Amino acid sequence: MDSNYWDSIYQKKSEKEVSWFQEVPRKSLELIESFNLALDANIIDIGGGDSRLVDCLLERGLNHLSVLDISAISLKKLKERLGADASRITYIESDIVAFRPSKSYQLWHDRATFHFLTDLEQIEKYLSIAHDALAIGGHLIVSTFSKTGPEKCSGLSTAQYSEDDLKKLFGRFFKNIKCFEDTHQTPWGATQNFVYCGFKKV
Ligand SMILES: C[S@@+](CC[C@H](N)C(=O)[O-])C[C@H]1O[C@@H](n2cnc3c(N)ncnc32)[C@H](O)[C@@H]1O
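So, here's what we can say about the structure. The written sequence of each chain sets the order in which its residues are numbered from 1. The model is predicted, so local features are restricted to residues of pLDDT at least 70 and side-chain atom pairs to those at 80 or more, both for listing and for counting; the totals for chains, interfaces and linings are taken over all residues. Excluded from the side-chain calculations are hydrogens and water; all other atoms, namely the structure's heavy atoms, are used.

Concerning the packing of helix α1 (residues 3-12) against helix α4 (residues 72-82)
Between two packed helices, the angle of one axis relative to the other and the distance separating the axes together describe the packing.
Here is step 1 of the chain: All axes are obtained by fitting lines to C-alpha atoms, using only the stretch in contact for helices, and the reported angles, taken between N-to-C directions, cover 0 to 180 degrees. In this text, helices come from DSSP runs of H or I with a minimum length of four residues, and strands from runs of E with a minimum of two, each type numbered from the N-terminal end. For the pair α1 and α4, the least separation of the axes is 7 Å and the interaxial angle reads 40°. Mapping the contact onto sequence places D7, Y10 and Q11 in α1 and A72, I73, S74 and K77 in α4.
Here is step 2 of the chain: Ten residues, namely Ala, Val, Leu, Ile, Met, Phe, Trp, Tyr, Cys and Pro, are considered nonpolar, four, namely Asp, Glu, Lys and Arg, are considered charged, and the remaining ones, Gly among them, are considered polar. In the contact of α1 with α4, the residues fall into three nonpolar, two polar and two charged. In this description, contact between two residues means that some pair of their heavy atoms is separated by no more than 4.5 Å.

As structure tokens, then:
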């Protein structure tokens, strides 16, 4: 994956000009809250970009947060928005399939990044990295376009998944907790169908 591609998107577009923008990532937060994480849980947002998830987690007292993204510009924009809170986050500029975690995590969150991996080898790498990075008892959330979701995003092809597809793929490594579908409204009122699944490493 080419980091320049994503950098140019983040350079050109403001927060509310990208289809994936969420003022509050409600569905992710509902799932995270259901896991009853300790306040010192290590949490990583994969392909977090300048998502407001970390703002919401900081508000809830969760303080051990990392955001990984292939785009340095997205992380810079996130730091700028967070202002005084910027130093409370660990920023990891990396392609997810090249990520070498230096610690283990109690929560791995990925909304709308995994579905950009369309090559089987990359998908296998992702699963193996996620498995190694997650502590025993840790949780993983993956949210992708559903079978009725878009086939492209930002000019890139995306994979589409059903609940069963995600259960089969991630179920090889993790125990499924729940899955559900959700319709996301883009800032300009279009809809995109997503599927969310929560898993646990047992
Ligand atoms: C559709 S955006 C979703 C952003 C965020 N998760 C959200 O829900 O608002 C996809 C994000 O994944 C990042 N990304 C794409 N491919 C990646 C890869 N191979 N490794 C790491 N990050 C990647 C992009 O830079 C972008 O920030």
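Overview of the packing of aromatic side chains
For any pair of aromatic rings, geometry is given as the distance between the ring centres together with the angle between the planes.
Here is step 1 of the chain: What counts as a ring pair is set by centres within 6.5 Å for rings of Phe, Tyr and Trp (its six-membered ring), and what kind of pair is set by the plane angle: stacked under 30 degrees, edge-to-face over 60, tilted for all other angles. As enumerated under the stated definition, the model contains 14 aromatic pairs in all.
Here is step 2 of the chain: Plain terms: the ring middles of Y5 and W6 are 6.3 Å apart, the flat faces sit at 80° to each other, and that makes the pair edge-to-face.
Here is step 3 of the chain: Remark: exposure states derive from per-residue accessible area (1.4 Å probe, protein chains only) relative to the maximum for the residue type, with buried under 20%, exposed over 50%, and partly exposed in between. A relative accessible area of 30% places Y5 in the partly exposed class.
Here is step 4 of the chain: Overall, W6 belongs to the buried group, its relative accessible area being 10%.
Here is step 5 of the chain: Between the aromatic rings of W108 and Y126, the centroid separation amounts to 5.6 Å while the plane-to-plane angle is 85°, which identifies the pairing as edge-to-face. Pair noted here: W108 is in strand β4 (residues 105-111) and Y126 is in helix α5 (residues 120-133), with a separation of 18 residues, a long-range link. Y126 shares its class with W108; the two are buried.
Here is step 6 of the chain: Ring pairing ties together the aromatic residues W108, F114, Y126, Y161, F170 and F199, which thus form one cluster.
Here is step 7 of the chain: Geometrically, a lysine NZ or arginine CZ counts as sitting over a ring once it is within 6 Å of the ring centre and also within 35 degrees of the ring normal. The ring of F194 is capped by R111, whose NZ or CZ atom sits 4.9 Å from the centre of that ring.

A word on the nonpolar core
Here is step 1 of the chain: W6, L57 and L65 are the most contacted members of the largest nonpolar core, which has 36 residues in total.
Here is step 2 of the chain: Among the elements of the structure, α1, α2 (26-34), α3 (53-59), β2 (64-69), α4, β5 (134-145) and β9 (191-200) are those that each provide at least two residues to this core.
Here is step 3 of the chain: Counting residues per element, this core draws most heavily on α3, at five residues.
Here is step 4 of the chain: Not counting chain neighbours up to four residues away, the residues in contact with L57 comprise L29, I32, I43, L62 and L65.
Here is step 5 of the chain: Residues belong to one nonpolar core when they are buried, are Ala, Val, Leu, Ile, Met, Phe, Trp, Tyr or Cys, and are joined through side-chain atoms within 4.5 Å. Grouped together as the second largest cluster of nonpolar side chains are 30 residues, F99, Y105, A159 and C197 included.

Quick look at the pattern of salt bridges
Here is step 1 of the chain: Throughout this description, the term salt bridge denotes a Lys or Arg side-chain nitrogen within 4 Å of a carboxyl oxygen of Asp or Glu. In this structure the tally under the stated criterion is 10 salt bridges.
Here is step 2 of the chain: Of the charged contacts in the structure, one is a salt bridge between R52 and E15, with a shortest N-O distance of 2.7 Å. Linking R52 in the loop between β1 (42-46) and α3 with E15 in the loop between α1 and α2, this pair joins segments that are 37 residues apart in sequence.
Here is step 3 of the chain: Accessibility expressed as a relative area gives 16% for E15, which makes it buried.

A closer look at the side chain of D182
Here is step 1 of the chain: Along the polypeptide, D182 turns up in strand β8 (residues 175-185).
Here is step 2 of the chain: Comment: no salt bridge for buried D182; closest opposite-charge side chain is K27, at 4.6 Å.
Here is step 3 of the chain: The residues contacting D182, other than those within four sequence positions of it, are K27, Q192, N193, F194 and Y196. Counted charges follow a simple rule, with Lys and Arg positive, Asp and Glu negative, and His plus the chain ends left uncounted.

A short note on the site of the ligand
Here is step 1 of the chain: Inspection of the region around the ligand gives 19 residues, with Y10, G47, D69, I96 and R111 positioned closest.
Here is step 2 of the chain: The term polar contact refers here to a pair of N or O atoms within 3.5 Å; inside protein, the definition further demands a hydrogen-donor-capable atom paired with an acceptor-capable atom, and it admits residues adjacent in sequence only when both atoms are side-chain atoms. Within the side chain of D69, an N or O atom sits 2.6 Å from an oxygen atom of the ligand.
Here is step 3 of the chain: The contact in question runs from a nitrogen atom of the ligand to an N or O atom on the side chain of D95, over 2.9 Å.
Here is step 4 of the chain: Here the accessible surface of atoms and residues is derived via Shrake-Rupley with a 1.4 Å probe, and residues count as covered only by protein chains that are part of the display. Burial of the ligand by the surrounding chains reaches 97%, relative to a free accessible area of 590 Å².
Here is step 5 of the chain: Every element with two or more residues in the shell around the ligand is listed here: α1 and β2. Whether a residue is near a molecule or strand is decided by its heavy atoms; if any one of them lies within 4 Å of it, the residue is near.

Here's the deal with the sheet that holds β8
Here is step 1 of the chain: A strand pair is defined by DSSP finding two or more bridges across the two strands. Ordered in space as β3-β2-β1-β4-β5-β9-β8, the seven strands form an open sheet in which the pairing is mixed. At either end of the open sheet lies a strand with only one pairing partner, and these are β3 (89-93) and β8. With direction set aside, neighbouring strand axes in the sheet form an average angle of 15°.
Here is step 2 of the chain: Here β2 pairs with β3 via five bridges, running parallel. Within β3, the residue paired with S66 across the bridge is T90.

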